[in-house]
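Single-letter residue listing:
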Amino acid sequence: MKFFLGVDIGSVSVKMAVLNEEKALMGSVYVETAGAPLEALCKAAAEIKNTVEKHSAQICGIGITGSSRKLAALVLGADVIKNEVTAQTVAALHYDPRIATVIEIGGQDSKVILLKDGIPTWHNLNTLCAAGTGSFLASQAIRLGIPIEEFGNYALRSTVRVNIASKCTVFSESDMIHKAALGCRKEDIINGLCEGLARNFINNVARNREMPDPVIFVGGVASNIGVVRAFEAALKTRITVPEEHRITGCVAMALLALRSGIKESAFKGFGLLDKEVRAGFFLCEDCPNQCEITRVNVEEKSVGCFGSRCGKHNSALSA
């Protein structure tokens, strides 16, 4: 049986998914990086290996996306490497070819993609501030003593409208503390935070552009029913949240690997799980650019580098 592997390796998590030739999802993995992306990558690969072996399948193509996609490509090999905007566009159209707006909010970033007739016409990412991302919501859940899984349900129980500042994490947290001191209930504060998140996204990420129907919402924050409801109220429309919303990026990369017509995959196999994989760093001083270079070693052998503007140290990338 032929499987196609998709990998999405970001700042907060590593996601992997395998599809068969009929584009059916055969298995997926979600592993938090916890500041160690290579360790998380190997852990995710070990779990997905079990799925592949369970079906007596063979990986016949691999696609990689995410902020650490170059790192993953050196370790695993890659037939297709794409940025997150391309991956989320492919995923959205896979779930519904009519999609006109993609909202994606992950652990550290958020983005909007506008499409017309299946073609991306505009996209934008959040600024350096983490306001409204999954990590900020998680930190507030911890501060309030509420499991992040229950955050959305608390918002649904709100009965009083409470405005929470949303443009800055510091201001948001200060405003939440202030509202609590005024006697506001947790349910109302959390709902105000969800509404503020949606408002901040529309104003600052989408830049107040029209976000036409149909709308799809993906990323970890799409698990929060309070945020979904806030977006639906703000946009006055029903929003689609696919069951695989946390892994849409890697699903898209598996699809692209499948569609690419690969005759011989660059996938290096799961042999790395029995070896020591390390990433090193050095500064190239051969010219005034002084590029920051990342070198990946498997055991004591270098498998490649990336980071040089001139391409001098990038030749080992396989795709």
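Scroll up a little and you will see the structure.
Not measured: the values here are computed from a predicted model.

Re the packing of aromatic side chains
A full pass over the atoms with the stated rule returns three aromatic pairs. Aromatic side chains Phe267 and Phe270 sit 5.2 Å apart centroid to centroid with 75° between the ring planes, which places their arrangement in the edge-to-face category. No difference in accessibility class separates Phe267 from Phe270, as the two residues are buried. The side chain of Arg157 reaches across the aromatic face of Tyr154, ending 4.5 Å from its centre.

A look at the packing of helix α3 (residues 84–95) against helix α9 (residues 248–259)
Any two packed helices are characterised by the angle at which their axes cross and by the distance between the axes. Close contact between α3 and α9 brings their axes to 8 Å; oriented N to C, the two are set at 85°. The orientation of α3 relative to α9 falls into the category roughly perpendicular. Between α3 and α9, the residues in contact are Ala87, Gln88, Val90, Ala91, His94 and Tyr95 and Thr248, Gly249, Val251, Ala252, Met253, Leu255, Leu256 and Arg259, respectively. Within the contact of α3 with α9, the residues separate by chemical class into nine nonpolar, four polar and one charged.

Some remarks on the sheet that holds strand β13 (residues 301–306)
Across the sheet, which stays open at both edges, the three strands sit in the order β11-β12-β13 with antiparallel pairing between neighbours. A single partner strand is all that each edge strand has here, and the edge strands are β11 (277–283) and β13. On average, each strand axis in the sheet is tilted by 25° relative to the strand beside it, whichever way the strands run. In this structure, β11 lies alongside strand β12 (residues 292–298), joined through seven bridges in antiparallel fashion. Bridge pairing in β12 links Val277 to Val298. Against the sheet, helix α2 (residues 69–76) contacts β11, β12 and β13, and its axis sits at roughly 150° relative to β13.

Quick word on the pairing of strand β3 (residues 25–32)
Along any regular strand, the residues point their side chains to alternate faces of the sheet. As paired elements, strand β2 (residues 13–20) and β3 share seven bridges and run antiparallel to each other. In the sheet register, Lys15 faces β3, and the bridge partner there is Tyr30. A loop of four residues connects β2 with β3, the two strands running antiparallel in sequence, and Lys23 in this loop sits at a positive phi of about 70°.

Here we look at the pairing of strand β6 (residues 101–105)
Buried residues dominate β6, accounting for five of its five residues. The turn joining β6 and strand β7 (residues 110–116), which pair antiparallel and follow one another in sequence, is formed by four residues. Taken together, the four bridges between β6 and strand β9 (residues 215–218) define a ladder with parallel strand orientation. Each bridged residue has a counterpart across the sheet, and for Thr101 the counterpart in β9 is Val215.

Some points on the nonpolar core
Grouped together as the largest cluster of nonpolar side chains are 36 residues, with contacts concentrated most on Ile103, Phe217 and Phe231. Put simply, the parts of the chain that give this core at least two residues each are β6, β7, α4 (134–144), α5 (151–156), α7 (186–205), β9 and α8 (225–235). For this core, the element with the highest residue contribution is α7, accounting for nine residues. Those residues within four positions of Phe231 in sequence are excluded, and the remaining contacts are Ile103, Ile105, Leu197, Ala198, Phe201, Ile202, Phe217, Lys236 and Ile239. Val14, Ile48, Val52 and Val298 belong to the second-largest nonpolar core, a separate cluster that totals 35 residues.

A short note on the sheet that holds β9
If you trace the five strands from one edge of the open sheet to the other, you get β8-β7-β6-β9-β10, paired in mixed fashion. Pairing within the sheet leaves two strands with one partner each, and these edge strands are β8 (119–125) and β10 (239–240). Seen against the sheet, α3 touches β6, β7, β8 and β9 and runs at an angle of roughly 55° to β7.

A look at the side chain of Lys179
Tracing the sequence through the fold places Lys179 in helix α6 (residues 169–181). Setting aside residues up to four positions removed in sequence, Lys179 forms contacts with Val162, Asn163, Ile164, Cys184 and Ile189.

So, the state of the cysteines
A full pass over the atoms with the stated rule returns zero disulfides. For the unlinked cysteine Cys284, the closest cysteine sulfur is that of Cys287, found at 6.1 Å. Looking at the unpaired Cys287, the closest cysteine sulfur is the one in Cys291, lying at 5.7 Å.

Examining unusual backbone geometry
Between Asp213 and the following residue, Pro214, the backbone shows a cis peptide bond with an omega angle of -15°. With respect to the helices and strands, Pro214 occurs in the loop between α7 and β9. Not every positive phi belongs to a glycine, and Lys23 is a case in point at roughly 70°. Lys23 gets classed as partly exposed once you look at its relative accessible area, which sits at 39%.

Description of the environment of Thr237
Along the chain, the position of Thr237 falls in the loop between α8 and β10. Using a relative accessible area of 15% as the deciding quantity, one classes Thr237 as buried. Excluding residues within four positions of it along the chain, Thr237 makes contact with Asp213, Val215 and Glu232. Separated by 2.6 Å, the side chains of Thr237 and Asp213 make a polar contact.

Analysis parameters
- Residues numbered from 1 in each chain as written.
- Predicted model: local features only at pLDDT ≥ 70, side-chain atom pairs only at ≥ 80, totals over all residues.
- Heavy atoms only, no water.
- Phe/Tyr/Trp six-rings, centres within 6.5 Å; stacked < 30°, edge-to-face > 60°.
- Buried < 20%, exposed > 50% of the residue type's maximum accessible area, 1.4 Å probe, protein only.
- Lys NZ or Arg CZ within 6 Å of the ring centre and 35° of its normal.
- Axes fitted to C-alpha atoms, helices over the stretch in contact; angles between N-to-C directions.
- Helix = DSSP H or I, 4+ residues; strand = E, 2+ residues; numbered from the N terminus.
- Parallel < 35°, antiparallel > 145°, perpendicular 65-115°, else oblique.
- Contact = heavy atoms within 4.5 Å.
- Nonpolar A, V, L, I, M, F, W, Y, C, P; charged D, E, K, R; others polar.
- Pairing = 2+ DSSP bridges.
- Core = buried A, V, L, I, M, F, W, Y, C linked by side-chain atoms within 4.5 Å.
- Disulfide = S-S within 2.5 Å.
- Polar contact = N/O pair within 3.5 Å; in protein donor to acceptor, adjacent residues only side chain to side chain.

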